[in-house]
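# Results of the structural survey
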Amino acid sequence: MEQLLQHLVNGLVLGGTYALLGIGLTLIFGLMSVVNFAHGEFYTLGAYAAFAVLALAGWPFFAALAAAIAAGAVLGALCERTLLRPLRGESIDTVMLVMIGLWIAMQNTELLVWGGVARSIPHPFPTEPLTLGPLNIAPLRLFVVGAAAALIAAAWLLIQRTRLGTAMRATFQDRDTAALMGVPIGRIHTITFAFGSALAAAAGALLGPVFLAYPSMGDLASLKAFSVVILGGLGNLAGATLGGLLLGVAEELGAGYVSSGYRDAVGFVAIILVLLFRPAGLFARAERIG
Amino acid sequence: MIGRALVVASALALVTAPAWLASPYHLHVLIMAGVFAILALSLNLLLGYTGQLSLGHAAFFGIGAYTSALLALKLEWSFWLALPSAAVAAGLAGWAIGRLALKLRGAYFVLVTISFAGVISLVSINWMELTNGPLGLPGVPPPELGPWSLRTKTAYYYLVLAAAALAYLVCHRLVYSRIGRALVALRENEPLAESVGIDGTRYLVLAAVVSAALAGVAGSLYAHYTRFVSPEVFLFTYTVTMVIMVIAGGKGTLVGPVIGALLFTALPEALREAMAWQWQMLAYGVVLVVLVFFLPRGIVPAITARAARAAAASRAMRPGAAPR
C-alpha cells in the first residue's frame, strides 16, 4: 500500500511534465496540423538552457527556468517563420518531413555543441527527501510538480481568458472563418508554435535536474508528448493534462510492478491501443475542442 | 534510346564492379548500398505508391535480421532457409500492423508504426534469453553455396546484387499490375477509388506485407554480412536514412529509391574524411529540409521532366517539323 502511494506520487511528478509537453504539442498539432517531431528537441533545448544558466553562469534556478522558456519561445518562433510559414497549405506529410529534418538537425547540433556525455544539472534544493507519513519526496520533485501545475494553469488561463486565447481557439475551430473575422492567422500560428515550444522547453528545464541532460533525451520526450496528445484527444487541453498525469502514473506503476525495462513501452502501447480503439482520445465527448 | 543505353551501361558497371573497384572497402560500400536499395524500394512501395509513411520500417529490417540470425545460430538452419523465413516473419509483422494500423491514415498511421518499432526494439533489448539483450548475437554464419562459403566480399556482393535485382523486379511487377494501379488510385483519391470497387484496406495491407517482407530480406542479408545483430538494427537512424533515400531519389518511381540508396550510402563514406559523423547527421537533417523545399519530387522525376522538356524542344526546333 505504501509502495503503491509512493509510485503514485512519483508518477504524478513525472506526469506533470508530460502534461506540459503534451499541452504544447496538442496546441501545435491541433491548431496548425503540424506533426511536430521536433517537439522533443525543444525539451532538450530547455534542459541545456537550464544547464548553461545554472552550471556555467551560476544564476538562480528561477532564472534558468525563465531562460529555458525564452529560448524555446524565440527558437520556436524562428522555426515557424522560416520553415513552416512558407509551407502553409502544403500537405501534412510534406510538413512532417520538414519537421523530421528539423528534429535530426537540432539533435545533432546539440550533440556538436554539448558533446555526447550526459550532463547533470545542479539545483539549489536540498537532496534530503521530505517525509510525509509513509511517503518520501525530494524537494526538487515537489518543486517540479508545483511549477508544472503553475505553468499548466497559466496556459489554461491564456487560452480560455484572453483575447489571444479566443483567437487561437477560433483558428482551431475554423481557420477560414476566423480569418474572415479578422484573426491574423499567420501571427496566431507563430505564437502557437512559440508557445508550445516554450512549454516543451520548460518541461526540459524542470525534468533536466531530476534526470540528466543528453542530446538524444528529446526522442523519448517527443514520443511521450505524442502519447499524451493521443490519450487526451487532439487539441484538448484538459485531455492533455489528464493524459499526461495518466501516462506518468501508468509508467511508474508499469516500471514498479511489471518490469522496469519496459517502462517506455507504456507510452507506445498507449498510442497503439488508443488510436485503434478510441481514436478521438480517452476523454472525447463529441466533436468539440477547448 | 539514350535511356536503354544508360540501363545497359549501369547494369554492366554493377556486374563488373568487383573487377574495377580499387579496394575491398569500396566493395563494402556497394554491398551496403545494395542492402539499403532493397530497404528503400520496400519503403517506397508504401510511401511512394500508397502515400502512407511508415516510420517504423527499421522494425521490419530488424525482425528480418533477428529471425535469420536466430534460425542460423540456434537451429543451425542454412542461410537459404533462413532468408525466406526472415521475409515471412517480417511479412507477418507487416500484415499484423497493416491490418491494425491501415484503418488510420497520415499522421496517425505514422505514430502507430513508430510505436510498433519502439515496442519491438524494447523487446529486443529486454528479452535476454532469446536475443541476448543489448549484447547482441555475434557469429552469425556466412551463407554457403554447395561447397563454397560466400565469405568473401566479392561473393557477397553478387548475392546482394542478385537480391536487389530481384527486389526491383518484384516491385516492378507489382507496380505495373492491377494491384499497382489500384494502389496509385487509392493514393490519389481514396473515396473515388473505392467507389469503383477497389477494396482499399485489402490493397494497402497487401502493399504493407510485400514491403515488410522485402525489408526482412534486407535485414537477413545485413545479418549474414556483418555477422552480428544487436538492438541497434532498430535504430531510428535506419528509418530516417531510408526515408531520405526515397524522398531524394524520387518517391513513386522505381529507379529513384535505388539512386537515392547509392547516393546516400556513398556520399557519407566520401565525406567521412572531411566531416565528423555528427556533422553528417546534421547534414542529413538539413538535406531533408532543403529537398522538401527545392526538390520536392526528388532527383529522378526532376531529371526525367527536364529530359522530356529537352526532347520536346529539340523536336520543335527540327527544320521541316510541321507546326502545330
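Residues numbered from 1 in each chain as written. Chains lettered and ligands numbered in written order. Predicted model: local features only at pLDDT ≥ 70, side-chain atom pairs only at ≥ 80, totals over all residues.

### Details of the overall build of chain B
So the rule is basically this: The helix and strand labels rest on DSSP assignments: H or I over at least four residues marks a helix, E over at least two residues marks a strand, and numbering proceeds from the N terminus. Only the C-alpha atoms count toward the radius of gyration. The rule for a globule is 2.2 Å times the residue count to the power 0.38. Labels follow a simple rule on C-beta atoms placed from the backbone: if 20 or more others lie within 10 Å of a residue's own, it is buried; if 12 or fewer, it is exposed; otherwise it is partly exposed. Contacts are defined on C-beta atoms placed from the backbone: any two residues whose C-beta positions lie within 7 Å are in contact.
Scanning chain B from N- to C-terminus turns up 15 helices and four strands. For chain B, whose C-alpha radius of gyration is 21 Å, the value lies close to the compact-globule estimate of 20 Å for 324 residues. Taken over the C-alpha atoms alone, chain B extends approximately 75 × 55 × 40 Å along its principal axes. Relative to its 324 residues, chain B shows a buried fraction of 47%. The long-range share in chain B, meaning contacts at least 24 apart out of those at least 6 apart in sequence, stands at 78%.

### Brief notes about the overall build of chain A
The helix and strand tally for chain A stands at 11 helices and two strands. For chain A, the N- to C-terminal ordering of α and β elements is α-α-α-α-β-β-α-α-α-α-α-α-α. Dimensions along the principal axes, computed over C-alpha positions, put chain A at roughly 55 × 45 × 35 Å. Counting the 290 residues in chain A, one finds 53% classified as buried. Partitioning the intrachain contacts of chain A with sequence separation of at least 6 by distance along the chain shows that 78% fall at a separation of at least 24.

### So, the packing of helix H12 (residues 236-249) of chain B against helix H13 (residues 255-271) of chain B
Helix-helix packing is characterised by the crossing angle of the two axes and by the distance between the axes. Residues and elements named next belong to chain B. Definition in use: To get an axis, a line is fitted to the C-alpha atoms, and for a helix only the part in contact is used. The angle between two axes follows their N-to-C directions and goes from 0 to 180 degrees. If an angle is under 35 degrees, it is roughly parallel; if it is over 145, roughly antiparallel; if it lies from 65 to 115, roughly perpendicular; otherwise it is oblique. Handedness of each helix crossing follows the sense of rotation of the near helix against the far helix: counterclockwise by less than a right angle gives left-handed, clockwise gives right-handed. Amino acids are sorted into nonpolar (Ala, Val, Leu, Ile, Met, Phe, Trp, Tyr, Cys and Pro), charged (Asp, Glu, Lys and Arg) and polar (every other residue, Gly among them).
Remark: H12 packs on H13, axes separated minimally by 7 Å, with the N-to-C direction vectors making an angle of 120 degrees. One finds that H12 runs oblique with respect to H13. The element H12 and its partner H13 pack so that their crossing is right-handed. For the pair H12 and H13, contact is made by Thr241, Ile244, Met245, Val246, Ala248 and Gly249 and by Gly256, Pro257, Val258, Ile259, Gly260, Ala261, Leu263 and Phe264, respectively. For the contact of H12 with H13, the residue count by class is 10 nonpolar, four polar and no charged.

### Structural notes on the nonpolar core
For the record, the criterion: By definition, a nonpolar core groups buried Ala, Val, Leu, Ile, Met, Phe, Trp, Tyr and Cys residues that connect through C-beta atoms lying within 7 Å of each other.
Counting residues in each nonpolar core, the largest one holds 208 residues, and the members touching the most others are Ala201 and Ala202 of chain A. Aside from chain neighbours lying at most four places away, what touches Ala202 of chain A is Leu20, Gly46, Leu65, Ala68, Ile69 and Leu151 of chain A.

### Overview of helix H2 (residues 39-56) of chain A
The criterion, for reference: To estimate how far a helix should reach, multiply one less than its number of residues by 1.5 Å.
The terminal C-alpha atoms of H2 of chain A lie 25 Å apart, and with 18 residues this matches the ideal 26 Å at 1.5 Å per residue to within 8%. For H2 of chain A, the tally of buried residues reaches 16 of 18 residues, placing the bulk of the element in the interior.

### Topic: the interface of chain B and chain A
By a frequent convention, interface size equals the accessible area lost on bringing the separate parts together. Of the residues lining the interface, 29 residues belong to chain B; the matching set on chain A comes to 32 residues. Sorting the residues of the side of chain B that touches chain A by element identifies helix H6 (106-126), H12 and helix H14 (277-294) of chain B as the ones contributing at least two each. It is H6 of chain B that contributes the most residues to the side of chain B that touches chain A, 14 residues altogether. Looking at the side of chain B that touches chain A residue by residue, the class counts come to 23 nonpolar, six polar and no charged.

### Focus on unusual backbone geometry
Look at Ser33 of chain A: it is not a glycine, yet its phi comes out positive at around 55 degrees. Mapping Ser33 of chain A onto the fold places it in the loop between helix H1 (2-32) and H2. Phi angles above zero are rare outside glycine, and Glu76 of chain B is one such case at about 55 degrees. With respect to the helices, strands and loops of the structure, Glu76 of chain B is situated in the loop between helix H4 (57-74) and helix H5 (79-101).

### What to know about helix H9 (residues 178-188) of chain B
An α-helix turns once every 3.6 residues. As a result, residues three or four positions apart point the same way. Using the following cut-off: Think of it as the arc spanned by the lines of direction from the helix axis to the C-beta atoms.
What H9 of chain B keeps buried is the set Ala182, Leu183 and Leu186 of chain B. Seen along its axis, H9 of chain B keeps its buried residues to an arc of 100 degrees; they face one direction.

### Here we look at the confidence of the model for chain B
Where we set the bar: For every residue, the predictor assigns a confidence score, pLDDT, that lies between 0 and 100.
Averaged over every residue, the pLDDT of chain B is 85; the share at 70 or more is 97%. Scored as a whole, the predicted complex attains pTM 0.84, and scored at its interfaces, ipTM 0.82.

### Side note on the confidence of the model for chain A
Residue and element names in this part refer to chain A. Looking at chain A as a whole, its pLDDT mean stands at 87, while 98% of the residues score no less than 70. For chain A, the element scoring lowest by mean pLDDT is strand S1 (residues 130-132), at 80; helix H8 (residues 185-207) scores highest, at 93. The low-confidence segment residues 286-290, where pLDDT is below 50, has six contacts with residues more than four positions distant or belonging to other chains.

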